[in-house]
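# Structural overview for review
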Amino acid sequence: MSIHAFTDLFVKHNLSNRLGQPVQLQVLSLHHQGRDYVFITAPLQNPNFIGKNAETFAFQLRDYFSLDARRFELIEVREADEPEFIRWRFEWVGHSPLSARAEPVVSNSQRQLLQGLVQAPRIAAVANG
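Residues numbered from 1 in each chain as written. Predicted model: local features only at pLDDT ≥ 70, side-chain atom pairs only at ≥ 80, totals over all residues. Heavy atoms only, no water.

### A word on the packing of aromatic side chains
Two numbers describe a pair of aromatic rings. These are the distance of the centres and the angle of the planes. With the rule as written, the count across this model stands at six aromatic pairs. Both rings, one in Tyr-37 and one in Phe-39, keep their centres 6.2 Å apart while their planes meet at 20°; by these two values the pair is stacked. As far as burial versus exposure is concerned, Tyr-37 and Phe-39 are alike and both buried. Relative to Phe-57, the ring of Phe-49 lies with its centre 5.7 Å away and its plane at 45°, an arrangement referred to as tilted. By relative accessible area, Phe-49 is classed as buried at 14%. (Phe/Tyr/Trp six-rings, centres within 6.5 Å; stacked < 30°, edge-to-face > 60°. Buried < 20%, exposed > 50% of the residue type's maximum accessible area, 1.4 Å probe, protein only.)

What follows is the structure, given as structure tokens:
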């Protein structure tokens with residue numbers, strides 16, 4: 001399944017990178033079973049783009065969507081034959097994310113859950129006509 005099969009529902013958000021420069025990411029924010037999932041995609045030209053800016057983006061997105069850091073899940077969606085999901089983990093000190101760590105989502109059940117979450121808004125839109 002192509003990444004474009006579900007990222008058309010993502011919305012462009014203007015953020016700042018760690019150097020304060022404006023950047024644009026595709027973002028989808030969803031709430032599911034007590035967790036707040038924020039899915040992001042980045043420009044393809046730099047595969048380390050999110051990693052270099054993960055803490056900065058997490059801070060801005062948590063603030064923008066007014067999310068509780070304890071329930072916040074930042075998921076990067078990468079283009080591949082099958083979309084790849086990368087879960088970003090942080091140590092939160094107050095409202096500041098520190099020590100960003102990336103974990104590829106390899107469990108089939110977790111991948112299916114994330115794909116289902118990303119596709120759910122489209123399914124609801126089709127059902128509502």
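### Things to note about the nonpolar core
Ranked by internal contacts, the top residues of the largest apolar core, which has 18 residues, are Leu-25, Val-38, Ile-40, Phe-57, Leu-61 and Leu-74. Counting only elements with at least two residues in this core, the list comes to strand E2 (22–32), strand E3 (35–41), helix H1 (49–64), strand E4 (72–78) and strand E5 (84–93). Core analysis: the second largest hydrophobic core is formed by 12 residues, Phe-39, Val-105, Leu-117 and Val-118 among them. (Core = buried A, V, L, I, M, F, W, Y, C linked by side-chain atoms within 4.5 Å. Helix = DSSP H or I, 4+ residues; strand = E, 2+ residues; numbered from the N terminus.)

### Digging into the pairing of E5
Of the strand pairs in this sheet, E4 and E5 are connected by five bridges, and their pairing is antiparallel. The residue of E5 that forms the bridge with Leu-74 is Trp-88. If you look at the hairpin formed by E4 and E5, you'll find five residues sitting between the two strands. As defined by bridge partners, E5 adjoins strand E6 (residues 96–104) across seven bridges and the pair is classed as antiparallel. Directly across from Glu-91, in E6, lies its bridge partner Leu-98. Hairpin geometry of E5 and E6 is characterised by an intervening segment of two residues between the two adjacent antiparallel strands and by a positive phi of about 65° at Gly-94. (Pairing = 2+ DSSP bridges.)

### What to know about the pairing of strand E1 (residues 11–16)
As paired strands, E1 and E2 are joined by six bridges and run antiparallel to one another. Bridging across to E2, Lys-12 finds its partner in Gln-26. Here E1 hands over to E2 after five residues, with Gly-20 in that stretch at a positive phi of 85°.

### Overview of unusual backbone geometry
One non-glycine residue with positive phi stands out, namely Gln-33, at about 45°. One can find Gln-33 in the loop between E2 and E3. The class of Gln-33 is exposed, set by a relative accessible area of 71%. In this structure, Ser-99 takes a positive phi of about 55° despite not being glycine. Inspection of the secondary structure assignment puts Ser-99 in strand E6.

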